Amino acid sequence: MKYSDGEYEIDKAYDKHVQDRLRLFKDVEKTTKTLQVAYVTPHGLYNNLHARKVKKQITAEHLFRQV
């Protein structure tokens, strides 16, 4: 879960950090299953090259939507 006053921007270093964690998790757990990264942010992600890799985004709007 990430907090930012505006859209959260994933930079090259943070993208690498997340990819390294995914690789480590797969190695430790010895899984062949597909892992998906989901970001929970109040305002969403800033649209850049790294954010386009993210398949799931949950924003405050999703969390507080009236059903």
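Residues numbered from 1 in each chain as written. Predicted model: local features only at pLDDT ≥ 70, side-chain atom pairs only at ≥ 80, totals over all residues. Heavy atoms only, no water.

Asks: Tell me what's going on with the overall build of the protein, and back it up with residues and numbers.
Replies: Counting its regular elements, the protein contains 2 helices and 2 strands. Secondary structure elements of the protein, listed N to C terminal, follow the sequence α-β-β-α. Taking the principal axes of the C-alpha coordinates as reference, the protein spans close to 40 × 30 × 15 Å. Within the protein, contacts between residues at least 6 apart in sequence are counted, and of these 48% link residues at least 24 apart. Put simply, the protein shows about 5700 Å² of open surface, and 53% of that area lies on carbon and sulfur atoms. Charged side chains in the protein number 13 positive and 9 negative. The centres of these two groups are separated by 8 Å. (Helix = DSSP H or I, 4+ residues; strand = E, 2+ residues; numbered from the N terminus. Contact = heavy atoms within 4.5 Å. Areas by Shrake-Rupley, 256 points an atom, 1.4 Å probe, with all protein chains shown as cover. Lys, Arg positive; Asp, Glu negative; His and termini not counted. Charge placed at Lys NZ, Arg CZ, Asp CG, Glu CD.)

Asks: Now, about the pattern of salt bridges: what can you tell me, with residues and values included?
Replies: Applying the stated criterion to the full structure yields 3 salt bridges. Where Lys16 meets Asp20, a salt bridge forms, and the shortest distance between an N and an O atom there is 2.9 Å. With Lys16 and Asp20 both in helix α1 (residues 12-29), this residue pair falls 4 residues apart, about one helical turn. Taking the shortest distance from any N to any O, the salt bridge between Arg23 and Asp20 comes out at 2.9 Å. Placement of both Arg23 and Asp20 in helix α1 is noted, with a separation of 3 residues, approximately one turn of the helix. Given the relative accessible area of 47%, Arg23 is considered partly exposed. Look at Asp20 and you get partly exposed, because its relative accessible area is 31%. (Salt bridge = Lys/Arg side-chain N within 4 Å of Asp/Glu carboxyl O. Buried < 20%, exposed > 50% of the residue type's maximum accessible area, 1.4 Å probe, protein only.)

Asks: Kindly report on the packing of aromatic side chains, identifying the contributing residues and their values.
Replies: All chains considered together, the criterion is met by 2 aromatic pairs. Aromatic pair Tyr8 and Tyr14: ring centres 6.2 Å apart, planes at 80°, arrangement edge-to-face. On the accessibility criterion, Tyr14 (22% relative accessible area) is partly exposed. Connected via pairs of aromatic rings, a cluster forms that spans Tyr8, Tyr14 and Tyr39. (Phe/Tyr/Trp six-rings, centres within 6.5 Å; stacked < 30°, edge-to-face > 60°.)

Asks: If you had to explain unusual backbone geometry to someone new, which residues and values would you point to?
Replies: Notably, Lys30 is not glycine yet its phi reads approximately 50°, a positive angle. Its place among the elements puts Lys30 in the loop between α1 and β1 (38-40). On the basis of relative accessibility, which here comes to 71%, the residue Lys30 falls in the exposed class.

Bear in mind that shape data such as this cannot, by itself, settle questions of function.
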